Amino acid sequence: MEAIKETYYLSEYFSSIQGEGNYAGTLSLFLRFHFCNLTCSWCDSKYTWNLKSGEYETLLQNEIRTIISESTNYHVIFTGGEPSLYSLDKLVVPGKKYHVESNGTIIPTEPLDIVFGDSLRITRAAMDENIIKTFNWVISPKLSNSRQRLNEQSLRFWAGKEYSVFKFVIRNTADLIEVTDTIKQFAIDRKKVYIALEGQTLESQIKPELVDLIMEQGYNFSPRLHVMLWGAKRGK
């Protein structure tokens, strides 16, 4: 099965507050794209992974742009799944601020041709950097707690971009040590790093001792407001 040119697979879209990262609390339109090239052990959106993991719509470029233009929200968040599988530069409607939540394993300025295990093939042209450099890219490299491997080439790409920030998800102090090792290896600016706590319950987010360590090491702490308010509820 091959993706038709300019076709986008959309799992869901909804209005809510951005729960984490450098724009936490902002009212936003979320566009959650289907399919992901990773299978993180603690993923909270496994329903976006593949053909059988959950329902999705097949939309054309102009249909997605209509959804964006009809929303009264200023902030538009492309999330997933993995949104950089798609030509996000073709979805821009003027007068909005765009954000991308990405696992950082795909370089958007290079053409993409990827075949998934269920034989789905997704292709796209290289994105226009003059457009996507205006986006707020939140790159979330996966630590060993996700049971995935880092893509060193793409992480070096993102480390050199002014329009990216980094969000790491941790469970404990060992994960925090791994974050420090990672940012040293790839020369990531510590001021651009946000640390979030893994989990889908309020209890998982209230760990003051761990947050103390995050602050002591000079990192930004990213709350996960949607988890604290609504738990694992979809559409939030």
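Residues numbered from 1 in each chain as written. Predicted model: local features only at pLDDT ≥ 70, side-chain atom pairs only at ≥ 80, totals over all residues. Heavy atoms only, no water.

The subject of this paragraph is the pairing of strand E1 (residues 7-17). Among the eleven residues in E1, eight count as buried, and that is most of the element. Note that E1 and strand E3 (residues 57-60) share four bridges and pair antiparallel. Bridging from a neighbouring strand, Leu10 pairs with Glu57 of E3. The pairing of E1 with strand E2 (residues 27-33) spans seven bridges and is antiparallel. When the sheet's bridge partners are listed, Glu12 is paired in E2 with Arg32. (Buried < 20%, exposed > 50% of the residue type's maximum accessible area, 1.4 Å probe, protein only. Helix = DSSP H or I, 4+ residues; strand = E, 2+ residues; numbered from the N terminus. Pairing = 2+ DSSP bridges.)

A few words on the pairing of strand E9 (residues 164-170). With seven of seven residues buried, E9 is to be regarded as a mostly interior element. Covered by surrounding structure in E9 are Ser164, Phe166, Phe168 and Ile170 together with Val165, Lys167 and Val169, the residues of both alternating faces. When strand E8 (residues 136-139) meets E9, the two strands line up parallel, connected through three bridges. When the sheet's bridge partners are listed, Ile139 is paired in E9 with Phe166. Sheet analysis places E9 next to strand E10 (residues 193-197), joined by five bridges and oriented parallel. Within E10, the position partnered with Ile170 by the bridge is Leu197.

With respect to the helices, strands and loops of the structure, Ser87 is situated in the loop between strand E4 (75-79) and strand E5 (97-102). Classification of Ser87 by relative accessible area gives buried; the value is 11%. In this structure Ser87 touches Tyr8, Arg124 and Ala125, once residues within four positions along its chain are discounted. (Contact = heavy atoms within 4.5 Å.)

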